[in-house]
Each structure stands twice: as structure tokens, then as C-alpha cells.
Amino acid sequence: MSASRPFGRRQLCAGALASTLGLFVPRVASARGRTTASGRISLRVPWPIGAVDPHRLDDGFAAIFGDALFDTLYAYANTSAIVPSLAEADPEPEGSRLRVRLRSDLRTATGRPFEARDAAAAIARARSLGGRAWLADIPDPKVDGTSLVFKVRSAARLTEALASPIIAMLPANYSAESPDGTGPFRLMARGDGVVLVRNALAARGPAFLDEVMVHSAPDLASSLRAFERGTDDVGWLGSGLHEPRVGSRPFDFGAVGWAVLYTGRDALWWDAPGVAQRLCDGIDPSRLSHLALGPGWVPEAQQGWGGAPTTLLVREDAPWLVELARAIAATISRPSHDVTAKLVPASELVHRRASRGYGLALDVVRPVAPGALGAMISLATSDDRERAGDLALHPPRLGDVAARKTTRTLRCGVVGEIRVQGGRAQDITLVASPNASGFDLGASSRQPRA
């Protein structure tokens with residue numbers, strides 16, 4: 001992999017358009033003209049929206065909107081090609097080391113200079129959170145002027161590691177409650193929601209849209225109802241509650257993560273590798289179809305819960321997860337082996353999961369990279385970071401398998417996907433992410449109104 005210059009937002013848009021038209025686009029496409037940037041869209045999602053941390057594997061808001069707010073040193077031009085983003089060019093060999101030069105004059109959305117020391121701090125922060133296993137073979141870099149120097153030899157592996165959304169570039173002393181990045185949008189609070197405002201300082205070019213207004217939906221029906229009556233411009237997971245909105249068009253940009261079931265110490269002998277996935281595989285997908293979990297699966301013989309009566313922990317501020325937890329609990333319960341969904345604050349779920357002090361728990365996991373290996377490392381990290389590091393250093397040959405096939409030796413199981421899909425107003429063009437995971441809001445647009 002090689003590139004002569006960074007990947008800009010215009011190239012992303014050009015690539016998306018050509019992909020739609022079935023045209024070949026070189027790995028680094030040339031810039032092309034476009035209409036004047038303008039337009040606003042509104043939507044609501046059944047996820048918490050008050051904070052965002054792209055270094056956490058369990059951040060649902062980051063899974064959906066992270067690419068709109070943050071950049072990485074390298075980025076996917078498609079599911080296999082990686083190009084420079086905040087990096088100036090490909091890593092430069094220097095003996096047994098590789099030098100990554102940052103682009104000059106980088107600034108965050110608040111106008112703060114973004115320098116090599118910020119990039120090093122971001123890598124260290126990512127390692128302490130969701131990126132530990134993914135970076136198992138990548139040592140901390142040395143800051144040398146405007147460069148990061150890594151003691152590694154494989155440029156391909158280094159760029160792959162640094163292209164992960166879990167290794168998002170954040171300024172030092174980053175705050176999830178006051179997010180600041182170099183992406184096409186800046187996140188700000190507004191009323192009872194948040195707004196993604198066009199970032200004129202964006203490293204790869206500002207967004208085409210002026211802003212995206214996001215509210216937290218209290219339930220799954222709220223977004224569909226608001227879209228059907230024309231209050232919102234995007235319907236999450238559908239095109240209307242009772243019937244499709246007139247003139248609306250569907251979109252489906254794939255999975256940005258998974259809903260994952262965990263067994264804990266309170267499950268006793270049911271807290272064993274593979275149990276959680278067997279429970280998930282025994283659920284008839286038709287019981288969960290209203291939650292848009294992605295492709296169905298052939299259910300195995302329904303095993304159900306065989307342990308003592310227990311609770312299924314789920315964070316109370318994520319309506320989509322809450323509804324899924326209740327559906328799972330009702331499906332896997334058996335006489336004298338009842339499972340009850342229990343809503344807890346997000347902080348309590350984090351604490352209980354860290355101590356494994358629960359019977360069952362439901363949470364979010366984001367992928368660190370496309371493909372089966374990225375899925376396995378993400379899921380293993382969420383289960384056991386030490387073991388995940390071993391898997392990353394000695395990866396198995398997986399081939400092209402579904403994420404739910406990678407958890408047979410883990411204490412977690414994939415219930416289904418978290419997908420970016422639904423309906424949109426006819427004058428809105430939503431663009432798929434280059435790595436086929438979610439949408440690229442920065443390259444999305446709205447037709448100007450006469």
C-alpha cells in the first residue's frame with residue numbers, strides 16, 4: 001500500500017459516487033467539483049447522545065456517528081485499501097523503525113492545534129481502553145518533531161492498526177462530555193438533543209451539510225412516527241410507523257457493531273465459554289425481527305436458560321438495547337429458570353461487567369477493523385483483554401465467517417447486528433462509509449431548495 005497524498009473528503013465523495021455508478025476509481029481519486037455546501041437534516045436514534053468516546057468498544061453513539069467527528073492517521077478507501085488521512089504519506093522506513101509524518105497545520109474543531117504529541121497521547125489512550133489487543137504488536141511511538149516513530153518493520157500492519165476507528169485521533173486531555181476532533185462535524189448540545197455542526201477546520205474537508213440535528217428517541221416507534229409525519233428527515237430502522245412516508249427512499253449501510261450477550265460469575269456453571277453464543281443461536285430470529293438485527297440465522301435446537309433464575313443487565317439509557325434485552329429474556333426463560341431484564345445506570349453496567357458480578361448482561365461492541373479477524377479481536381477484547389491480546393499476536397485463520405462464529409471459545413455471544421438503515425427524505429443523499437460500515441455523513445448532502 002502506498003499513497004502520495006492524504007485522502008480528502010472530496011475524494012471520499014467521488015469514490016462513493018463512482019461506486020454507486022459502478023465505475024472504477026483509483027485508490028487515491030482526484031478532487032472534483034461539487035455544489036455549494038448547505039442543508040440541514042434531523043433524526044432521532046434510540047441511543048444515548050450526551051457523550052461520545054471513540055476509544056471505547058461499547059459506545060453506541062461513536063459506532064454510528066464517530067466517523068463524522070473524528071479522523072484516524074490512516075483511513076480505509078474501501079474494505080481493503082488503506083490511504084493516508086491525518087498522516088502526510090505512507091510510513092517511511094528508517095532501519096528497524098517506521099516514521100509517520102503528520103500533516104501540517106492540523107486543528108481540531110475548537111481551533112486547537114493538533115500535533116504529534118496529541119497523536120501519541122491518543123494512541124496511548126486508545127491502548128488503555130478498547131484498543132489494547134488491537135495494538136498488541138504495535139509499541140508506543142516516539143515523538144520526533146512532527147512525526148511519530150514506531151519500532152516496527154511492517155508498514156502494512158502499522159497502517160492497518162492506525163486505520164482502526166478505535167485509534168481515533170483526539171487532542172490530549174480529551175473529554176467525552178465536550179468532544180473535540182478533526183472530523184467534518186463538531187458536536188454541540190442544543191436543547192434536548194445534540195447537533196453536528198459543519199466543521200470549517202476539518203482536516204479532510206468540512207461536511208457538505210451545515211448541520212445534523214440528533215435527538216434521543218425514547219423508544220423504537222418515536223423515530224418512525226416523526227419521520228412518517230415529516231418532523232424528521234431520516235427514519236431510523238424504517239420508513240414509517242404505520243406506512244412508508246410518501247416519496248421516501250430506503251437506505252441500508254450495514255452493521256456498525258453488534259449486540260452482545262455475556263455470562264458472568266453469578267451464572268455459576270453456566271458461565272463457561274460458548275454458552276452465551278449457544279443461547280443466542282437458539283433464539284428464533286423472527287422473535288427479534290422488529291429490531292433490524294441484520295441477516296437471519298438458522299436457529300439451533302432452542303436450549304434456553306438452564307441456570308438459576310437470574311437478571312439480564314442492560315443500560316437504562318439505550319432504548320434499543322432495553323427492548324432487545326426484554327425480548328431475549330422472554331425468549332430464553334424456562335420454567336424455574338427465569339430471566340428478567342434489569343435496567344441499570346450505564347456506570348453500574350461498566351462496573352459490573354469489569355468485575356463480572358452478574359448472571360447475564362447485554363452490551364454493545366464495535367469492530368476494530370473490517371472482516372472476521374477484526375470482529376474476533378473486538379469481541380474477545382470485550383470479554384477478556386488478556387486473551388484478546390494473545391489472539392491478536394497469534395491470529396487464527398478464520399476466512400470469511402460471520403461474527404457469531406468467532407465466539408465459540410468466549411464468554412460472550414453475538415445476538416445480532418447494530419445497523420445503520422431506515423428511510424430518508426427524497427431530497428437527501430446519504431453516502432455509505434468507504435469501509436462499508438455505516439454512513440459517511442460528511443459526504444452526505446441535501447438538494448438546495450428553490
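Residues numbered from 1 in each chain as written. Predicted model: local features only at pLDDT ≥ 70, side-chain atom pairs only at ≥ 80, totals over all residues. Heavy atoms only, no water.

J.: How should the sheet that holds strand β5 (residues 97–101) be read in this particular structure?
T.: With antiparallel pairing, four strands are arranged side by side in an open sheet as β4-β5-β7-β6. Whereas interior strands pair on both sides, the edge strands pair on one side only; in this sheet they are β4 (92–94) and β6 (142–144). Taking the axes of each pair of neighbouring strands and ignoring which way they run, one obtains an average angle of 30° across the sheet. Sitting on the sheet, helix α3 (residues 116–128) touches β6 and β7 (147–150), and the angle it makes with β7 is about 45°. (Pairing = 2+ DSSP bridges. Helix = DSSP H or I, 4+ residues; strand = E, 2+ residues; numbered from the N terminus. Axes fitted to C-alpha atoms, helices over the stretch in contact; angles between N-to-C directions. Contact = heavy atoms within 4.5 Å.)

J.: Even after reading the chapter, I still don't get the nonpolar core, so can you show me in this structure?
T.: The tendency in soluble globular proteins is for nonpolar side chains to be buried as a group. If you look at the biggest cluster of nonpolar residues, it comprises 69 residues, and the most contacted ones within it are Trp-47, Phe-65, Leu-196, Val-214, Trp-320, Leu-324 and Val-415. A total of nine residues in this core trace back to one element, the largest contributor, which is helix α7 (residues 319–332). Core analysis: the next-biggest nonpolar cluster, separate from the first, contains 56 residues, Ala-119, Ala-120, Val-152 and Val-260 among them. (Core = buried A, V, L, I, M, F, W, Y, C linked by side-chain atoms within 4.5 Å. Buried < 20%, exposed > 50% of the residue type's maximum accessible area, 1.4 Å probe, protein only.)

J.: What's the story with the pattern of salt bridges in this structure? I'm lost.
T.: Side-chain pairing between opposite charges can occur once the charged atoms of the two side chains come close. Applying the stated criterion to the full structure yields 28 salt bridges. Linking Arg-419 and Asp-252 is a salt bridge whose minimum nitrogen-to-oxygen distance equals 2.9 Å. Here Arg-419, found in strand β16 (residues 412–424), pairs with Asp-252, found in strand β12 (residues 249–263); they are 167 residues apart in sequence, far enough to count as distant. Taking the relative accessible area as the measure of exposure, Asp-252 reaches 43% and is therefore partly exposed. Where Asp-271 meets Arg-356, a salt bridge forms, and the shortest distance between an N and an O atom there is 2.6 Å. Of this pair, Asp-271 sits in the loop between β12 and α6 (275–281) while Arg-356 is found in the loop between α8 (346–355) and β15 (360–365), placing the two residues 85 residues apart along the sequence. When salt bridges that share partners are traced, they join Arg-40, Arg-190, Asp-210 and Glu-211 into one network. (Salt bridge = Lys/Arg side-chain N within 4 Å of Asp/Glu carboxyl O.)

J.: Whenever I open this one, the side chain of Ser-444 confuses me. Can you help?
T.: Relative to the helices and strands, Ser-444 is located in the loop between β17 (428–429) and β18 (445–446). Judged by relative accessible area, which is 0%, Ser-444 ranks as buried. Here Asp-440 takes part through its backbone oxygen, which lies 2.8 Å from a polar atom of the side chain of Ser-444. If we skip the residues at most four places from it in the chain, Ser-444 touches Phe-208, Leu-209, Thr-429, Leu-430 and Val-431. (Polar contact = N/O pair within 3.5 Å; in protein donor to acceptor, adjacent residues only side chain to side chain.)

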